[in-house]
Amino acid sequence: MKLTQLALAGALGLAASLPAAAEDFTGTLAKVAESGVITLGHRESSVPFAYLDENQQPIGYSIDLCMKIVEKVSETVGKELEVRYVPVNPKTRLALMANGTIDLECGSTTNKLSRQEQVEYLATTFVTGTKLMVRKDSGISSVADLGGKAVALAQGTTNELAVKAAIEELGLEDVKVLPVRDHAEGMLSLETDRVDVYATDHILLYGLMSKSKTPEDFAVVGDFLSYDPYGLMVRRNDSAFELVGKAALAEVFRTGEIMEIYSKWFDPLGVPATPLLQASFALNALPE
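Worth saying up front: this structure is predicted, and the values here are computed from it rather than measured.

About the cut-offs
Residues numbered from 1 in each chain as written. Predicted model: local features only at pLDDT ≥ 70, side-chain atom pairs only at ≥ 80, totals over all residues. Heavy atoms only, no water. Helix = DSSP H or I, 4+ residues; strand = E, 2+ residues; numbered from the N terminus. Expected span 1.5 Å × (residues − 1). Buried < 20%, exposed > 50% of the residue type's maximum accessible area, 1.4 Å probe, protein only. Contact = heavy atoms within 4.5 Å. Pairing = 2+ DSSP bridges. Axes fitted to C-alpha atoms, helices over the stretch in contact; angles between N-to-C directions. Phe/Tyr/Trp six-rings, centres within 6.5 Å; stacked < 30°, edge-to-face > 60°. Lys NZ or Arg CZ within 6 Å of the ring centre and 35° of its normal. Disulfide = S-S within 2.5 Å. Core = buried A, V, L, I, M, F, W, Y, C linked by side-chain atoms within 4.5 Å.

For helix 5 (residues 158-170), spanning 13 residues, the distance from its first C-alpha to its last is 18 Å, which sits close to the expected 18 Å at 1.5 Å a residue. Within the sequence span of helix 5, burial applies to Thr-158, Asn-159, Glu-160, Ala-162, Val-163, Ala-166 and Ile-167. Taken together, the buried residues of helix 5 touch strand 8 (130-135), strand 9 (150-154), strand 11 (197-201) and strand 13 (228-235). Looking one or two places after helix 5, you find Gly-171, whose phi comes out positive at around 65°.

With that out of the way, let us pick up helix 2 (residues 27-35). Regarding helix 2, the residues found buried are Thr-28, Leu-29, Ala-30, Val-32 and Ala-33. Looking at the buried residues of helix 2, the elements they touch are strand 1 (37-42), helix 3 (61-77), strand 13 and helix 8 (239-255). Taken from the residues just after helix 2, Gly-36 is the one with a positive phi, measuring 75°.

A few words on the sheet that holds strand 12 (residues 218-221). Strand order in the open sheet formed by 5 strands is 10-9-11-8-12, and the pairing between neighbours is mixed. Each edge of the sheet is formed by a strand with only one pairing partner; in this case those strands are strand 10 (176-180) and strand 12. Taken over all neighbouring pairs, the strand axes of this sheet differ in orientation by 30° on average, direction set aside. Bridge count between strand 9 and strand 11: 3 bridges; the pairing is parallel. The partner of Ala-152 across the bridge, within strand 11, is Tyr-198.

Looking now at the packing of aromatic side chains. According to the stated counting rule, one finds 12 aromatic pairs in the structure shown. With a centroid separation of 6.0 Å and 40° between ring planes, the pair formed by Phe-126 and Tyr-230 is classed as tilted. With Phe-126 in strand 7 (residues 119-128) and Tyr-230 in strand 13, this pair connects stretches of sequence that are 104 residues apart. Taken individually, Phe-126 and Tyr-230 each receive the classification buried, so the pair is uniform in this respect. When the centroid spacing of 5.1 Å and the interplanar angle of 25° are considered together, the rings of Phe-253 and Phe-281 count as stacked. Of this pair, Phe-253 sits in helix 8 while Phe-281 is found in helix 10 (residues 275-283), placing the two residues 28 residues apart along the sequence. In this structure, Phe-253 and Phe-281 share a single accessibility class: buried. An aromatic cluster is defined as three or more aromatic residues linked by ring pairs; in this entry it consists of Phe-49, Tyr-61, Phe-126, Tyr-230, Tyr-262 and Phe-266. Over the face of the ring belonging to Phe-224 we find Lys-131, whose NZ or CZ atom lies 4.6 Å from the ring centre.

So, about the state of the cysteines. For the structure shown, the criterion picks out 1 disulfide. Across the disulfide, Cys-66 is cross-linked to Cys-106 (sulfur-sulfur distance 2.1 Å). Across the S-S bond of Cys-66 and Cys-106 the torsion is about -110°, and the bridge reads as left-handed. You can see Cys-66 sitting in helix 3 and its partner Cys-106 sitting in strand 6 (residues 104-106), a full 40 residues away along the chain. Judged by its relative accessible area of 0%, Cys-106 is buried.

Backbone torsion omega between Val-47 and Pro-48 reads 0°, so that peptide bond is classified as cis. In this fold, Pro-48 is placed in the loop between strand 2 (45-46) and strand 3 (50-52). Even without being a glycine, Asp-174 presents a positive backbone phi close to 60°. Structurally, the position occupied by Asp-174 is in the loop between helix 5 and strand 10. The backbone of Asp-193 sits at a positive phi, close to 65°, despite the residue not being glycine. Judged by its relative accessible area of 54%, Asp-193 is exposed.

The next point concerns the nonpolar core. The biggest cluster of nonpolar side chains holds 47 residues, and the ones touching the most others in it are Tyr-61, Val-73, Leu-104, Ile-203 and Phe-266. A per-element tally of this core places helix 3 first, with 8 residues. Phe-266 has contacts with Pro-48, Phe-49, Tyr-61, Phe-126, Ile-203 and Val-271, leaving out every residue within four places of it along the chain.

Have a look at this one:
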C-alpha cells in the first residue's frame with residue numbers, strides 16, 4: 001500500500017473513531033448534541049414511577065429507566081450530558097413534549113392512539129388500570145356505589161374518562177366530580193374529606209397510600225375500569241431519537257436488569273410483576 005493510501009486509511013480510521021458532530025444528527029439528537037443538555041419531564045407525586053424525594057429531587061421507576069436512555073443518548077452523541085428536569089402534570093405533559101420543552105417524559109402516562117397524534121411512545125413499562133381509593137368505613141366497594149358521592153379525578157387522564165363513562169353507563173345520579181391537578185391534590189382531597197373517592201391507576205393508588213400518614217385508613221376497591229399500558233413519551237416524527245430509546249430499553253429487558261429495577265420500586269409496595277407485564281418485557285427485549 002502506498003504512503004498516501006496508508007495516510008488516507010489512517011485518517012478514515014481516526015474519523016470513524018471520533019464521536020459524530022452535532023450536524024451529523026437530526027431532531028432531538030442534534031439538539032442534545034449541540035447543547036450538551038437533555039431535558040426530562042417528570043411527575044411530582046406519581047409514586048413509585050416519578051416523584052420528589054425528601055430533597056425535592058425526582059426519583060422513581062420511570063426516572064431510573066429514563067436514565068438508562070440518557071446513558072445511551074450520551075454514548076450515541078459522544079459526550080457527557082447535563083440532565084435537566086422539568087415538572088409535568090396530566091394537563092401539561094403532552095404539550096411540553098410536542099413543543100420541545102422536554103426531550104423525554106418520565107412519568108406514568110398511558111399509551112393511547114389519540115395521544116399518538118401529538119407524541120410517540122417507547123416500549124410498555126407497566127400495565128395498570130383505573131380503580132377507586134376510599135376510606136375503609138365509606139361503604140363504597142365499586143363504582144356502582146358512587147350515587148350521591150363526591151369523586152376526585154385528575155384532569156386530562158384516562159381515569160377521568162373511564163370513571164365518567166362508568167357513571168353514565170350505570171345511570172348514577174348526583175355524583176359530584178372534583179377536578180384536581182395531580183395525584184397529590186387528589187389524595188389530599190380524600191384525606192381531608194372533600195371527596196369520598198379518588199380514582200386513578202391502581203398502582204398509583206397503592207403508591208399514594210404508602211406515603212400517607214394513615215395508610216391503614218384507606219382501601220383500593222372495585223373492578224378495573226380501564227386498561228392502561230404505560231410508556232415513556234418522546235416526540236413524534238423523530239425516529240433517530242426514538243430508536244436510541246428503544247435500544248436502551250431493549251438492552252435493559254434483554255439482560256434482565258429490568259427485574260432488578262422493578263423490584264427496587266415495587267417490592268416495597270407488595271406488587272409483583274404480572275405475567276402480562278413480564279411477557280411485554282420479553283416481547284420488547286429485541287436482539288441487537
